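The chain contents come next:
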Amino acid sequence: MVVSSTATSTRYDLTTMAGSWESLITVALATIFITLAGFRVLLIKLSANQDGGFDYLPVAVNLCAEIIKLLVCSILSLNVITKDF
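Analysis parameters
Residues numbered from 1 in each chain as written. Predicted model: local features only at pLDDT ≥ 70, side-chain atom pairs only at ≥ 80, totals over all residues. Heavy atoms only, no water. Salt bridge = Lys/Arg side-chain N within 4 Å of Asp/Glu carboxyl O. Helix = DSSP H or I, 4+ residues; strand = E, 2+ residues; numbered from the N terminus. Buried < 20%, exposed > 50% of the residue type's maximum accessible area, 1.4 Å probe, protein only. 1 Å grid on protein atoms, 1.4 Å probe; cavity = no way out; pocket = protein on both sides within 12 Å on 5 of 7 lines; lining within 4 Å. Points joined across faces, edges and corners; volume = space filled by probe spheres on them. Nonpolar A, V, L, I, M, F, W, Y, C, P; charged D, E, K, R; others polar.

Under an unreviewed UniProt entry, the chain has the name Probable UDP-sugar transporter protein SLC35A5 isoform X5 and belongs to Acanthaster planci.

Enquirer: Looking at this model, I keep getting lost on the pattern of salt bridges. Mind explaining?
Expert: If charged atoms from side chains of opposite charge come close, those side chains can pair. Overall, the coordinates contain 1 salt bridge when judged by the stated rule. Of the charged contacts, one joins K69 and E66 as a salt bridge, the two residues approaching to 2.9 Å between their closest N and O atoms. Of this pair, K69 and E66 are both found in helix α2 (residues 58–84), 3 residues apart, which corresponds to roughly one turn of the helix. Its relative accessible area of 26% is what places K69 among the partly exposed residues.

Enquirer: Just checking my understanding: could you explain the layout of surface pockets for this structure?
Expert: Gaps left between atoms show up when a probe the size of a water molecule is rolled over them. In this structure, the largest pocket occupies an estimated 460 Å³ of space. Along its surface, the largest pocket is lined by 14 residues, and F33, L36, I68, K69 and V72 are the ones closest to its centre. Considering each element in turn, the lining of the largest pocket owes the most residues, 8 residues, to helix α1 (residues 14–46). A class-by-class count of the residues in the lining of the largest pocket yields 12 nonpolar, no polar and 2 charged. Quantified by volume, the second largest pocket comes out at close to 290 Å³. Residue assignment for the lining of the second largest pocket shows that the elements contributing at least two residues are α1 and α2. Within the lining of the second largest pocket, the residues separate by chemical class into 4 nonpolar, 2 polar and 2 charged.

Given below as structure tokens:
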């Protein structure tokens, strides 16, 4: 299927755009991942109490973040594996 754009008079083949779409999703996921990792450090810094300490263990935040990343990566891996079959 070929789509023609009248504004730019460029023809796009929708079958080859699927690879481009997957690349865009990959870049978007990587950007979100890096942004959330940066926010984690900032939020830990901002959540200190008046004494400069924490009301929780900061290590628990890192542990929870790693568990969430493991779950997300596992789900994405299963999705890729099931698409191959």
